[in-house]
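Descriptive analysis of the structure
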Amino acid sequence: MTDADQLRLLAVHAHPDDESSKGAATMAKYVAEGARVMVATCTGGERGSVLNPALDKPEVWERLPQIRTEEMARAREILGVEQEFLGFVDSGLPEGDPLPPLPEGCFALVPLEEAAAPLVALIRRFRPHVVTTYDERGGYPHPDHIKTHEISVHAFEAAGDPDRYPELGEPWQPSKLYYHMSFTLPRTRALHEAVLASGGESPYAEWLENWDPENDISHRVTTKVPCAEYFDVRDAALIAHATQIDPTGRWFAVPMDLQQRVWPTEDYELARSLVDAPVPEDDLFAGIRSEVTVR
Ligand SMILES: [Zn+2]
């Protein structure tokens, strides 16, 4: 297969582990089908916590940034993707009232034009047809996730323009930009009800009680990618981020066969498109495949 007829997907994420919890089964599916998939990880996750009680030990905390790089390398192998760090420093999740200021030099404080530059360079080098990222609220309100959204939109628009960032390589315009939309109220409710119906205990009861329907994003979904046969790859990649995930926690509480039956897709919003592809659709490369293979 030559470069001209290989499909390429670029997934932009904030921290190591985000790629394994958002769109991982989609990536594994496209890798299995012969596409090239690249993960861009904006930060090293330096200000993250140890979220797995079994690893909450001083010797882990001491080496956390290095451990997270090693975990990312394992997840990358499991997913079969390529991966690059964009080199920014984790902003941390500010907590308290009032919120403390963001730490000096962190990703969220880098001016947009400068923060998007490494991603523009990567887009021009990797030449993806499709880019995925978070919506304008970051999926959840971590400053690095919101910044990831901002640089992705900025780079999607700048990478194809020869007048912008002229020093960063030959222009390349990706064809489609997507936002992750998998954590919706209908999906959570469907899984919750199916677990209860099977006599199990749902991990979602509290979430659902506190979920303001105003905050549901499911009406924005344009694209549902069937990828249930890769859910086990997704889970294996998540578990590789051992400091970030409790293997006995909520992520793994819903039986796999039930997930595959009740909600066999990962869902997206098509945010920008330069190709003719009617929605709803079930393929991130819809409208691109024919053009790429006849070229
Ligand atoms: Zn994150």
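Read on for a plain summary of the structure. (Residues numbered from 1 in each chain as written. Predicted model: local features only at pLDDT ≥ 70, side-chain atom pairs only at ≥ 80, totals over all residues. Heavy atoms only, no water.)

Residue Asp-97 is joined to Pro-98 through a cis peptide bond whose omega torsion reads 5 degrees. Structurally, the position occupied by Pro-98 is in the loop between β3 (82–88) and α5 (112–115). Omega for the bond connecting Val-279 with Pro-280 falls within 30 degrees of zero, at 0 degrees, which places this linkage in the cis form. With respect to the secondary-structure elements, Pro-280 resides in the loop between β7 (265–273) and α12 (289–294). Positive phi, normally seen in glycine, also occurs at Arg-127, with a value near 55 degrees. On the accessibility criterion, Arg-127 (30% relative accessible area) is partly exposed. (Helix = DSSP H or I, 4+ residues; strand = E, 2+ residues; numbered from the N terminus. Buried < 20%, exposed > 50% of the residue type's maximum accessible area, 1.4 Å probe, protein only.)

Moving on to the layout of surface pockets. Approximately 1,600 Å³ is the volume attributed to the largest pocket. Looking at the largest pocket, it is lined by 47 residues, and the ones nearest its centre are Lys-22, Tyr-140, Phe-183, Trp-207 and Trp-251. Of all the secondary-structure elements, those providing two or more residues to the lining of the largest pocket are α1 (18–21), α8 (185–197), α9 (205–210) and α10 (231–240). Here the lining of the largest pocket takes three residues from α8, the largest share from any one element. Considering only residue class, the lining of the largest pocket consists of 16 nonpolar, 17 polar and 14 charged. (1 Å grid on protein atoms, 1.4 Å probe; cavity = no way out; pocket = protein on both sides within 12 Å on 5 of 7 lines; lining within 4 Å. Points joined across faces, edges and corners; volume = space filled by probe spheres on them. Nonpolar A, V, L, I, M, F, W, Y, C, P; charged D, E, K, R; others polar.)

Coordination of the zinc ion by the protein involves His-15 (ND1), Asp-18 (OD), Asp-18 (OD) and His-145 (NE2), with metal-donor separations of 2.1 to 2.7 Å. Each of the four donor atoms around the zinc ion contributes to a set of angles spanning 53 to 141 degrees, which defines the coordination as irregular. Spacing between the donor residues of the zinc ion along the chain follows H-x2-D-x126-H. Of this pair, Asp-18 sits in helix α1 while His-145 sits in helix α7 (residues 143–158), and the two are 127 residues apart along the sequence. (Donors = N, O, S within 2.8 Å, 3.2 Å for Na, K, Ca; no water. Tetrahedral: all angles 85-135°; square planar, octahedral: opposite > 155°, others 65-115°.)

This brings us to empty space enclosed by the protein. Empty space left among the atoms is revealed by rolling a probe the size of a water molecule over them. Here the structure, examined in full by the defined rule, presents two cavities of 30 Å³ or more. Taken as a whole, the largest cavity spans an internal volume of roughly 160 Å³. Forming the walls of the largest cavity are 18 residues, and the residues nearest its centre are Ser-21, Ser-182, Arg-187, Arg-234 and Glu-266. Every element with two or more residues in the lining of the largest cavity is listed here: α8, α10 and β7. No other element matches the four residues that β7 contributes to the lining of the largest cavity.

Coordinates in, geometry out; function isn't part of it.
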